[in-house]
Amino acid sequence: MINASNAAGEAPVYSLVIPIFNEEAVLPLLVRRITALLDKLDASAEAIFVDDGSRDTSVIFLRGMAASDPRLRLIELSRNFGHQIAITAGMDAAAGDAVVVMDADLQDPPEVVLDLIAKWKEGYEIVYARRTKREGETLFKRASASLFYRALEQMTSVTIPRDVGDFRLVGRKALETFKQMPERDRFVRGMFGWMGFKQTAVSFERPERAAGETKYPFWKMLRLAVHGVISFSDKPLRLALWSGLAISCFAALLGVYALFSWLFASGVVHGWTSTVMIISFLSGINLFMTGIIGLYVGGIHAEVKRRPLYVVDRLTGFEEAVKAAAESRSQPTASPSTRDRRFG
Ligand code: UDP
Ligand code: MG
């Protein structure tokens, strides 16, 4: 059943945002489950798929779907920009009053969206889905995730709820706030934690990926974790300061000790071992601290370039107004002529 008002171009009440990166194995099932969900919703809705530079047949499949069902839309990014930016691109284009972000692999079950909506109707601006059980994920992934959330809680001044990924519903107010946050280093779950509003959680059991393989190998997880800490906490910088100070005091005491032994202990050539140990220890600490500072400097460097967050290659299934909105973020200084070229 296709919602008539939506087909006529009226703004949808609900928007689903689904990032896609090489998901051809799961797409047919995903689209079936998503359209079934759209049918069940009590008001008009759209589903926005954001292709994050897939190198498989995902795009071809999605173009066909978006052309055949007016509720399905597709944003094709010009290359792989990463999960967090793909989410941002979809949210920028979302026209609904409530916007739900979910993974493509059905680990975020579409049925849970009904629970999220129920809470939103109770007046919550942000409703996140909390994983109570994580099936089919390695012990390492579960342990590292749990450790990371705990460490992050200790290190940041923002409350970032535990065991919560990017599966959440946000209302218009939260969405507009999100759109005003220009940072490139996007740790989306932290950004929603930061903005406040009335927030609540809905629990669900996280099933296994329906098909295909994880698109979050270890190094990508680590990068996300580092971004999370760096963009929400300045504790590592303070760590550099205080541990640097503590080590300098220690080194000063050693220096005094060395001076006294030179003055009062006679003739023994010793100290080579300790010298080497101290030098290597201090240079190690030095490099580590420089590295921490480098992470922040790198962040500043990325921010000052002020490049567009992402580049849209092609849109399918969007109204003109939505295209313009997506474009204004993707390329803030675009002139009318570039607009014609890019969407022509
Ligand atoms: N994803 C993306 N760009 C990327 C990596 C992942 O858009 O560079 C999407 C992916 O298609 C999926 C979601 O992000 O919809 C979460 O990825 P995945 O399920 O592989 O992560 P995991 O659940 O294993 O942490
Ligand atoms: Mg997954």
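Structural data are supplied above this passage.
Presented here is an overview of the structure given in this document. Predicted model only: the values in this text are computed from it and were never measured. (Residues numbered from 1 in each chain as written. Chains lettered and ligands numbered in written order. Predicted model: local features only at pLDDT ≥ 70, side-chain atom pairs only at ≥ 80, totals over all residues. Heavy atoms only, no water.)

1. As for the coordination of the magnesium ion (ligand 2)
Surrounding the magnesium ion (ligand 2) are the protein donor atoms Asp105 (OD) and Gln107 (OE1), at 1.9 Å. Taken as a pair, Asp105 and Gln107 share a single burial class, namely buried. (Donors = N, O, S within 2.8 Å, 3.2 Å for Na, K, Ca; no water. Buried < 20%, exposed > 50% of the residue type's maximum accessible area, 1.4 Å probe, protein only.)

2. Brief notes about helix H9 (residues 218–232)
Between the first and last C-alpha of H9 there are 21 Å, a value that for 15 residues agrees with the 21 Å anticipated at 1.5 Å per step. Buried within H9 we find Lys220, Met221, Leu224, Ala225, Gly228, Val229, Ile230 and Phe232. (Helix = DSSP H or I, 4+ residues; strand = E, 2+ residues; numbered from the N terminus. Expected span 1.5 Å × (residues − 1).)

3. Considering the nonpolar core
Core analysis: the biggest nonpolar cluster contains 43 residues, and Val50, Ile75, Leu77, Met91, Val170, Phe192 and Tyr310 have the highest contact counts within it. If you tally residues by element for this core, the top one is helix H4 (residues 83–93), at six residues. Ignoring anything within four residues of it in the chain, the contact list for Val50 reads Val17, Ile18, Pro19, Ile20, Ile75, Leu77, Ala86, Ala89 and Gly90. Ranked by size, the runner-up nonpolar core spans 35 residues in total, among them Ala45, Phe49, Leu74 and Phe204. (Core = buried A, V, L, I, M, F, W, Y, C linked by side-chain atoms within 4.5 Å. Contact = heavy atoms within 4.5 Å.)

4. A few points about the site of ligand 1
Taken together, 19 residues lie around ligand 1, and Glu23, Asp52, Asp105, Thr214 and Lys215 are the ones closest in. One of the backbone N or O atoms of Pro19 is found 2.8 Å from an oxygen atom in ligand 1. A distance of 3.0 Å separates an oxygen atom of ligand 1 from a polar side-chain atom of Lys220. Coverage of ligand 1 by the protein chains reaches 95% of its 530 Å² of free accessible surface. In terms of residue class, the shell around ligand 1 is built from five nonpolar, five polar and nine charged. (Near = heavy atom within 4 Å. Polar contact = N/O pair within 3.5 Å; in protein donor to acceptor, adjacent residues only side chain to side chain. Areas by Shrake-Rupley, 256 points an atom, 1.4 Å probe, with all protein chains shown as cover. Nonpolar A, V, L, I, M, F, W, Y, C, P; charged D, E, K, R; others polar.)

5. Some details on the pattern of salt bridges
All told, the structure shown has 16 salt bridges when counted by the stated rule. As a salt-bridge pair, Lys215 and Glu23 come within 3.4 Å of each other at their nearest N and O atoms. Placement of the pair is Lys215 in the loop between strand E7 (199–206) and H9 and Glu23 in the loop between strand E1 (14–20) and helix H2 (27–40), with a sequence separation of 192 residues. Given a relative accessible area of 18%, Lys215 falls into the buried group. Residue Arg71 pairs with Asp69 through a salt bridge whose shortest N-O separation is 3.0 Å. In this structure, Arg71 and Asp69 share a single accessibility class: buried. One network of salt bridges, with partners in common, ties together Glu23, Asp105, Arg209 and Lys215. (Salt bridge = Lys/Arg side-chain N within 4 Å of Asp/Glu carboxyl O.)

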